[in-house]
Amino acid sequence: MAEATWPGERLIVAAQRGDVESISALVSGSHPHVRRFARTLCATPEDAEDAAQEALIILYRKIGTLRATGALASWMFRIVRNECLRRARLTLRHPPPAVPSAYDAERPAASSAEDEVLRRLEADRVAAAVAALPADQRNVLIMRDIQGLSGRMVAGALGLSVAAMKSRLHRARAAVQRTLESTSWGGDDD
């Protein structure tokens, strides 16, 4: 198999002990894997590159906190996943400027701390549901519903027909809806 392997245990142990050359080699050796994780988890290629860079910076700074050398891949996957989720949350919280809606006019200027926490928890639930989608569905959903691109633009960017893009978008929306219903607050604990 031609696929590159993760850096070996000796290199990881030396990096954990603070050997600068080993840390650099570990970061370099992990880079292709981290980029691959990011490309499958993040919404856009730009977010994937940024998430990969952030994950490698965390690896460089915090390799000494890794407890088990065999856990490097899962540790890096969690870091990349969290960074992609963080970026998705930012997109959800700070969408492109839009015309004020009637909802904005009705909303009180100062909401309670409890309301803010509930909004954040709901945003986290949505971001987690989106992140759990297969990459092909996640990309379509984020580009269309979060970034607000037209159906033709999304289809063109992903090399799909408009019909295929619509099909993926429908499946993605349905999957997110099912996930949110199955994890609803107060739950249906029958």
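Please read all numbers here as calculations on a predicted model, not as lab measurements.

(A) Representation of the overall build of the chain in the model. Of the regular secondary structure elements, the chain holds nine helices and zero strands. In the chain, which comprises 190 residues, the share counted as buried stands at 32%. For the chain, the exposed surface amounts to about 11,900 Å²; the carbon and sulfur share of it is 54%.

(B) Inspection of the packing of aromatic side chains at higher detail. In the structure shown here, the tally under the stated rule is one aromatic pair. Ring geometry for F37 and F77: centres 5.0 Å apart, planes at 85°, overall edge-to-face. Of the two residues, F37 is situated in helix α2 (residues 20-41) and F77 in helix α4 (residues 72-93); the sequence distance between them amounts to 40 residues. Residue class for F37 comes out buried when judged on its relative accessible area of 16%.

(C) Region of the structure containing the side chain of S22. Looking at the secondary structure, you find S22 in helix α2. Exposure remark for S22: the relative accessible area of 9% places this residue in the buried category. In terms of polar contacts, S22 uses its side chain to reach the side chain of D19, at 2.5 Å.

(D) Representation of the state of the cysteines. Evaluation of the coordinates by the stated rule reveals one disulfide. Bridging C42 to C84, the disulfide has an S-S length of 1.9 Å. With the S-S bond torsion at -80°, the cross-link from C42 to C84 turns out left-handed. Highlighted residues: C42 in the loop between α2 and α3 (45-62) and C84 in helix α4, separated in sequence by 42 residues.

(E) Geometry of the environment of D47. Inspection of the secondary structure assignment puts D47 in helix α3. Assessed through its relative accessible area of 17%, D47 is described here as buried. The spacing of D47 and R87 is 40 residues in sequence and 7.1 Å in space, taken between C-alpha atoms. If we skip the residues at most four places from it in the chain, D47 touches C42 and R87.

Procedures and definitions
Per chain, residue numbering runs from 1 following the sequence as it is written. Only residues with pLDDT of at least 70 get local features here, since the model is predicted, and only at 80 or more are side-chain atom pairs given and counted; chain-wide, interface and lining totals rely on the full set of residues. With hydrogens and water stripped out, all remaining heavy atoms of the structure feed into the side-chain values. Runs of E in the DSSP output that reach at least two residues are strands. Runs of H or I that reach at least four are helices, and both are numbered from the N terminus. A 1.4 Å probe rolled over the protein chains alone gives each residue an accessible area, and that area as a share of the maximum for its type sets the label: buried under 20%, exposed over 50%, partly exposed in between. A 1.4 Å probe and the Shrake-Rupley method give the accessible areas. Residues count as covered only by the protein chains that appear here. Two aromatic rings from Phe, Tyr or Trp, using only the six-membered ring of Trp, form a pair when their centres are within 6.5 Å; if the ring planes differ by under 30 degrees the pair is stacked, by over 60 it is edge-to-face, and anything between is tilted. Any pair of nitrogen or oxygen atoms within 3.5 Å is treated as a polar contact; in protein, a donor-acceptor pairing is required on top of that, and neighbouring residues in sequence qualify only through side-chain atoms on both sides. Counting rule for disulfides: a pair of cysteine sulfur atoms within 2.5 Å. Throughout, a residue-residue contact means that at least one pair of heavy atoms, one from each residue, lies within 4.5 Å.

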